[in-house]
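Residues per chain are reported as follows:
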Amino acid sequence: MKSKTHASGGGFNPTSAPDYLPQTQLRELQLARLKFIVKRAYENVPFHRQRMEEAGVTPGDIQSLEDVAKLHFTMKDDLREAYPFGLFASPMEEIVRVHASSGTTGKPTVVAYTQEDINVWTNVMVRSLISCGCHRGDIIQNAYGYGLFTGGLGAHYGAEALGATVIPMSGGNTDRQIMIMKDFGANVITCTPSYFVHLSERALELGTDLRDLPLRIGVFGAEPWSDGLRQRAEEIGGIKAYDIYGLSEIIGPGVAIECAMQEGLHIFEDHFYPEIIDPETGKTVAPGEEGELVLTTLSKVAMPLLRYRTRDMTRMIPEACGCGRTICRIARIGRRSDDMFIIRGVNVYPSQIEAAILKVEGTSPHYQIVLTRAKDLDQMEVQFEVTPEMFGDTVGSVENLQRTLCHAIESTIGVRAKITLVEPHSIERSQGKAKRVIDKREG
Ligand code: DLL
């Protein structure tokens with residue numbers, strides 16, 4: 001699996017060789033690319049030039065990888081303010097594609113690609129798919145959304161260049177997905193983990209057990225998901241589920257991916273330079289400590305980003321990986337520094353609630369957290385879908401289940417939640433990223 005070298009995809013050569021570069025070579029490559037990208041940003045994007053001038057830094061000051069710390073951070077708001085094309089470093093004639101990430105409020109943030117950028121994206125997606133055991137000849141059902149979201153087209157180009165057969169399903173249309181999966185013999189599926197669980201359950205309702213199909217691998221990402229959810233997905237789908245990470249601002253899917261060891265995600269650091277910082281102070285944390293992931297695009301031509309604050313919390317795994325890849329690894333991203341909500345003074349992440357729920361035997365990952373405020377006191381309600389089967393041998397009565405869930409949550413986060421059991425399917429299914437928190441508190 002070390003280096004697949006069959007030509008396909010318009011002369012594109014899918015190989016995972018850069019994953020195994022000796023450290024010194026990798027650092028040299030990174031430094032050369034860092035110098036290139038800083039110069040490019042400085043010369044072509046007024047925003048970056050202005051920030052560098054404010055900090056008294058010129059491209060010539062970047063002489064080592066550590067010098068990256070001299071540069072300014074770029075934030076999501078900087079992209080919003082530059083809406084739509086303000087951060088582009090290439091003239092429009094050279095931009096072959098734009099994507100946008102949907103903001104929950106206001107305008108989306110727009111990102112751009114030259115043909116070279118699309119080639120890099122394809123390259124890292126091929127390496128991602130190879131890393132989780134996909135190969136030429138696989139039939140990949142791509143259920144990430146096609147459109148402004150990067151998931152669909154990102155996975156699509158990578159899968160084609162790998163030499164796989166792509167079924168460009170996009171998200172949704174679940175009954176049809178299931179029929180096509182069965183009839184076309186898909187053995188790999190790419191989608192959000194929450195959508196996969198929904199799809200598997202719907203399949204069962206329609207009399208199809210995915211475990212009886214050729215499906216072998218799930219390449220899941222675009223949202224945080226717990227190890228508990230991974231276990232459920234693997235059980236119900238009869239698959240091996242891999243975690244893929246990425247974000248539009250940096251390229252889309254394919255920034256990092258698990259390998260067969262599944263002990264963290266390898267960052268394609270020949271193209272994306274990672275740092276882990278303390279989100280409060282902006283300072284680099286000690287090696288192996290948790291902090292916010294900051295990424296610098298090392299080869300992005302159309303829209304170079306310097307020290308982009310992802311808000312995703314993780315840590316570097318300093319030990320060498322058993323798979324032999326030399327590129328660095330980060331721990332799975334369980335939370336963002338900003339999907340956190342505070343309830344009665346306690347910081348809570350939806351992923352903690354999910355992990356607590358899934359610890360209870362017989363439960364399913366269909367839940368929603370509703371936050372309200374009554375008489376100045378915050379209340380947290382966890383709505384949880386039940387099915388008749390849950391009351392078989394495992395949980396007993398309704399009260400029993402409520403008690404057990406309440407206890408599981410309280411012992412995990414230290415806050416009591418009201419558990420409301422709701423009808424099967426009453427929580428809206430997402431075709432992409434699941435919406436876990438409804439915050440009805442004011443102010
Ligand atoms: O979600 C790109 C993507 C598509 C990644 C398909 C993987 C698969 P955005 O819509 O810009 O891009 O959202 C990026 O989603 O900053 C994380 O907070 C979250 N995220 C993405 N992948 C993971 C993951 C795509 N594997 C934001 N685990 C990121 C946890 C993830 N969170």
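Residues numbered from 1 in each chain as written. Predicted model: local features only at pLDDT ≥ 70, side-chain atom pairs only at ≥ 80, totals over all residues. Heavy atoms only, no water.

Even after reading the chapter, I still don't get the sheet that holds strand β7 (residues 240–247), so can you show me in this structure?
The strands making up a sheet associate through backbone hydrogen bonding, with each pair oriented either parallel or antiparallel. Reading across from one edge, β4-β3-β5-β6-β7-β8-β9-β14-β13 is the order of the nine strands in this open sheet, with mixed pairing throughout. Each edge of the open sheet is held by one strand with a lone partner, namely β4 (165–167) and β13 (316–317). Across three bridges, strand β3 (residues 139–142) lies against strand β5 (residues 188–191) in parallel orientation. Directly across from Gln141, in β5, lies its bridge partner Ile189. On the sheet, helix α7 (residues 193–205) packs against β5 and β6 (217–221) and is oriented at approximately 125° with respect to β5. (Pairing = 2+ DSSP bridges. Helix = DSSP H or I, 4+ residues; strand = E, 2+ residues; numbered from the N terminus. Contact = heavy atoms within 4.5 Å. Axes fitted to C-alpha atoms, helices over the stretch in contact; angles between N-to-C directions.)

I'm lost on the pattern of salt bridges in this one. Help?
Note on pairing: side chains with opposite charge can pair once their charged atoms come close. A complete count under the given rule lists 32 salt bridges for this structure. Note that Arg311 and Glu292 form a salt bridge whose closest N and O atoms lie 3.7 Å from each other. Within this pair, whereas Arg311 is found in strand β12 (residues 308–314), its partner Glu292 is found in strand β11 (residues 291–297), the two being separated by 19 residues in sequence. When its relative accessible area of 0% is taken as the criterion, Glu292 is described as buried. Residues Arg441 and Asp378 are paired through a salt bridge, measuring 2.9 Å at the closest nitrogen-oxygen approach. In this pair, Arg441 is assigned in the segment after β21 (437–439) and Asp378 in strand β19 (residues 377–385), connecting sequence segments 63 residues apart. Neither Arg441 nor Asp378 differs from the other in exposure class; each is buried. Where salt bridges share partners, they join Asp227, Arg230, Asp243, Glu258 and Arg332 into one cluster. (Salt bridge = Lys/Arg side-chain N within 4 Å of Asp/Glu carboxyl O. Buried < 20%, exposed > 50% of the residue type's maximum accessible area, 1.4 Å probe, protein only.)

Explanation requested: the nonpolar core in the structure shown.
Generally speaking, a soluble globular protein has its nonpolar side chains buried in company with each other. Among the nonpolar cores identified, the biggest contains 60 residues, and Leu87, Leu129, Val219, Tyr245, Val255 and Phe272 are the most heavily contacted of them. A per-element tally of this core places helix α4 (residues 115–131) first, with eight residues. Residues contacting Leu87, with those up to four places away along its chain left out, are Val45, Phe47, Asp78, Leu79, Ala82, Ala302, Met303 and Leu305. (Core = buried A, V, L, I, M, F, W, Y, C linked by side-chain atoms within 4.5 Å.)

Hey, could you run me through the domain arrangement of the chain in this one?
Many authors give the size of an interface as the accessible area that is lost as the parts come together. According to the domain assignment, the chain contains domain 1 (1–336) and domain 2 (341–439). Taking only C-alpha atoms, the centre of domain 1 and the centre of domain 2 are 30 Å apart. Taken together, the contacts link 21 residues of domain 1 with 17 residues of domain 2. Looking only at domain 1, the three residues that lose the most surface to domain 2 are His198, Arg232 and Arg335, adding up to 30% of its buried area. (Domains from an automatic or database assignment. Buried area = accessible area lost by both parts, 1.4 Å probe.)

How should I be thinking about the site of the ligand in this particular structure?
Near the ligand, the surroundings consist of 21 residues, among which Asp243, Ile244, Ser248, Asp312 and Lys433 are the closest. Here a nitrogen atom of the ligand and a backbone polar atom of Ala222 are 3.0 Å apart. The backbone of Glu223 places a nitrogen or oxygen atom 3.3 Å from a nitrogen atom of the ligand. In the complex, 93% of the free accessible area of the ligand, which totals 610 Å², lies under the protein chains. Only α5 (150–162) and β7 provide two or more residues apiece to the shell around the ligand. With five residues, the single largest contributor to the shell around the ligand is β7. (Near = heavy atom within 4 Å. Polar contact = N/O pair within 3.5 Å; in protein donor to acceptor, adjacent residues only side chain to side chain. Areas by Shrake-Rupley, 256 points an atom, 1.4 Å probe, with all protein chains shown as cover.)

Is there a simple way to explain the pairing of β19 in this structure?
Note on strand geometry: in a regular strand, side chains alternate between the two faces of the sheet. Burial analysis of β19 places seven of its nine residues in the buried class, which makes it a mostly covered element. Sheet analysis places strand β18 (residues 367–374) next to β19, joined by eight bridges and oriented antiparallel. Counted as the bridge partner of Thr372 is Gln379 from β19. Here β18 folds back onto β19 in antiparallel fashion, the turn holding two residues, of which Lys375 has a positive phi close to 50°. Here β19 pairs with strand β20 (residues 418–422) via five bridges, running parallel. Along β20, the bridge assignment pairs Glu381 with Lys418.

Hey, could you run me through the environment of Pro193 in this one?
Tracing the chain through its elements places Pro193 in helix α7. Among the residues examined, Pro193 registers a relative accessible area of 1% and is labelled buried. As a C-alpha pair, Pro193 and Lys433 span 240 residues in sequence and 8.5 Å in three-dimensional space. Not counting residues up to four positions away in its chain, the partners in contact with Pro193 are Phe220, Gly221, Glu223, Trp225 and Leu229.

Would you mind going over the packing of aromatic side chains with me for this structure?
A ring pair, where both rings are aromatic, is described by two values, the distance of the centres and the angle of the planes. Tallied over the entire structure, the rule returns four aromatic pairs. With a centroid separation of 5.0 Å and an interplanar angle of 35°, the aromatic rings of Phe196 and Phe220 are classed as tilted. In this pair, Phe196 sits in helix α7 while Phe220 sits in strand β6, placing the two residues 24 residues apart along the sequence. Given a relative accessible area of 0%, Phe220 falls into the buried group. Ring geometry for Phe220 versus Trp225: centroids 5.7 Å apart, planes at 75°, classification edge-to-face. Residue classification places Trp225 among the buried positions, given a relative accessible area of 5%. Through a chain of ring-to-ring contacts, the aromatic side chains of Phe196, Phe220 and Trp225 assemble into a single cluster. One residue, Lys300, lies across the ring of Tyr113, its end atom 4.8 Å from the ring centre. Here Arg309 stacks its cationic end above the ring of Phe73, 5.1 Å away from the centre of that ring. (Phe/Tyr/Trp six-rings, centres within 6.5 Å; stacked < 30°, edge-to-face > 60°. Lys NZ or Arg CZ within 6 Å of the ring centre and 35° of its normal.)

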